[in-house]
Amino acid sequence: MMSTMNAVEEAAKRIEDLLLASRKSDTGVKLEVNERILDSCNGLMLAVKLLIERSKELQTEIAAHGRAGASTKEFYKRNHRWTEGLISAAKAVGFGAKVLVDVADKTVAGEGKFEELIVCSQEIAASTAQLVIASKVKAAKDSETLGQLSRASRGVTEATGNVVASAKTGAKLIEDKDIMDFSKLSLHMAKGKEMASQVKVLELESALTKERKTLAGLRKQHYQLAGASEGWDDEDIQGAQDRVVMLEAGDQ
């Protein structure tokens, strides 16, 4: 868990450095877009950091109540499936934080895609949801620490929404800035471009529908496999799937 925390803190530091660099070199719409993107990414890192802290506190509480005289090391060894689930989820969060910063770096440099930012932020949210589920498997239902973890999880969901919103706004601002000037097109040229655009829209809509079905199948399989290997019950698996579906629905 400590390595995950270090990865998130390093990601947050890189985001701050990117923001400072952009404020020195960029102006106008580009600066506005970069500030929106990097501020929201930084907010997500802060939310994830808090969630990891709460998760660590809950794990300590669970180990303390479940040791029955054994050492903490023996407790984790005895409950190896649960421990492996925590480690797997924590690693996914740390990896997601690094990828998000890499994508943010490319995006503010004009070399990345806003859609990649959205996907990366949603992957982090999905990984933190997995971490929450793995953490609470052995927690007491009335645990105040569990309640704090749940609130931190909602904070990650909100911060993810902010990244999605900033990415969409940034894309729109850039699009408006670079929008094509049609005023000089002839009637024939305008009609030709209109037909080509209609064909492109139909192709993209078809591809999007197909890709959404593929993604839904992959998500379902991912959580079935994760749940089976980490000892989740059916309610936990369904809850994780529902949460990712909610995040993806907000992106549509």
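A brief look at the structure comes next.

Criteria and thresholds
Residues numbered from 1 in each chain as written. Predicted model: local features only at pLDDT ≥ 70, side-chain atom pairs only at ≥ 80, totals over all residues. Heavy atoms only, no water. Helix = DSSP H or I, 4+ residues; strand = E, 2+ residues; numbered from the N terminus. Buried < 20%, exposed > 50% of the residue type's maximum accessible area, 1.4 Å probe, protein only. Contact = heavy atoms within 4.5 Å. Areas by Shrake-Rupley, 256 points an atom, 1.4 Å probe, with all protein chains shown as cover. Axes fitted to C-alpha atoms, helices over the stretch in contact; angles between N-to-C directions. Parallel < 35°, antiparallel > 145°, perpendicular 65-115°, else oblique. Left-handed = near helix turned anticlockwise from the far one by under 90°. Expected span 1.5 Å × (residues − 1). Nonpolar A, V, L, I, M, F, W, Y, C, P; charged D, E, K, R; others polar. Core = buried A, V, L, I, M, F, W, Y, C linked by side-chain atoms within 4.5 Å. Salt bridge = Lys/Arg side-chain N within 4 Å of Asp/Glu carboxyl O. Disulfide = S-S within 2.5 Å.

A word on the overall build of the protein
Counting its regular elements, the protein contains eight helices and zero strands. Secondary structure elements of the protein occur, N-terminal to C-terminal, as α-α-α-α-α-α-α-α. The buried share of the protein, reckoned over its 252 residues, is 38%. Considering only contacts in the protein between residues 6 or more positions apart, those separated by 24 or more positions represent 77%. Entry remark: accessible area of the protein is about 14,600 Å², with carbon and sulfur atoms responsible for 56%.

Examining the packing of helix 1 (residues 2–25) against helix 4 (residues 80–108)
At a minimum axis separation of 8 Å, helix 1 and helix 4 run at an interaxial angle of 10 degrees. In terms of their interaxial angle, helix 1 and helix 4 are classed as roughly parallel. Viewed along their axes, helix 1 and helix 4 form a crossing whose handedness is left-handed. Together, Thr-4, Ala-7, Val-8, Ala-11, Arg-14, Ile-15 and Leu-18 of helix 1 and Ala-90, Lys-91, Val-93, Gly-94, Ala-97, Lys-98, Val-101, Asp-102 and Asp-105 of helix 4 make up the contact between the two elements.

Side note on helix 1
Helix length check: helix 1, at 24 residues, gives a terminal C-alpha distance of 35 Å against a target of 34 Å (1.5 Å per residue), a fit within 8%. If you check which residues of helix 1 are buried, you get Thr-4, Met-5, Val-8, Ala-11, Ala-12, Ile-15, Leu-18, Leu-19 and Ser-22.

Focus: the packing of helix 4 against helix 5 (residues 114–136)
Two elements in contact, helix 4 and helix 5, have axes separated by 8 Å at closest approach and are oriented at 165 degrees. In terms of their interaxial angle, helix 4 and helix 5 are classed as roughly antiparallel. Note that helix 4 runs across helix 5; the crossing there is left-handed. Here the residues of the contact of helix 4 with helix 5 are counted per class, giving 17 nonpolar, nine polar and two charged.

Some points on the nonpolar core
Within soluble globular proteins, side chains that are nonpolar generally end up buried alongside one another. Cys-41, Leu-44, Met-45, Val-48, Leu-100 and Leu-117 are the most contacted members of the largest nonpolar core, which totals 49 residues. The set of elements that each furnish at least two residues to this core consists of helix 1, helix 2 (28–66), helix 4, helix 5 and helix 6 (144–177). Per element, the largest residue contribution to this core is 13 residues, and it comes from helix 2. The residues touching Met-45, leaving out its near neighbours within four places in the chain, are Val-8, Ala-11, Ala-12, Ile-15, Ala-97, Leu-100 and Ile-124.

Describing the side chain of Thr-128
Checked against the element boundaries, Thr-128 lands in helix 5. Since its relative accessible area comes to 0%, Thr-128 is described here as buried. Not counting residues within four places of it along the chain, the set of residues in contact with Thr-128 comprises Val-48, Leu-51, Val-93 and Val-156.

Details of the environment of Leu-51
By secondary structure assignment, the location of Leu-51 is in helix 2. The class of Leu-51 is buried, set by a relative accessible area of 0%. It is 7.8 Å that separates the C-alpha atoms of Leu-51 and Thr-128, two residues lying 77 residues apart in sequence.

Quick notes on the pattern of salt bridges
Under the criterion given, the structure shown has nine salt bridges. For Glu-144, the salt bridge goes to Arg-151, with nearest N and O atoms at 2.9 Å. Residue Arg-151 is classed as partly exposed on the basis of its relative accessible area of 44%. Taken together, the shared-partner salt bridges connect Arg-14, Lys-98, Asp-102 and Asp-105 into one network.

Focus: helix 4
Spanning 29 residues, helix 4 covers 42 Å between terminal C-alpha atoms, matching the ideal 42 Å at 1.5 Å per step. The first or second residue beyond helix 4 is Gly-110, which carries a positive phi of 80 degrees.

Side note on the state of the cysteines
Summed over all chains, the structure comprises zero disulfides. For Cys-41, which is in no disulfide, the shortest distance to another cysteine sulfur is to Cys-120 and amounts to 8.8 Å. The class of Cys-41 is buried, set by a relative accessible area of 0%. Assessed through its relative accessible area of 11%, Cys-120 is described here as buried.

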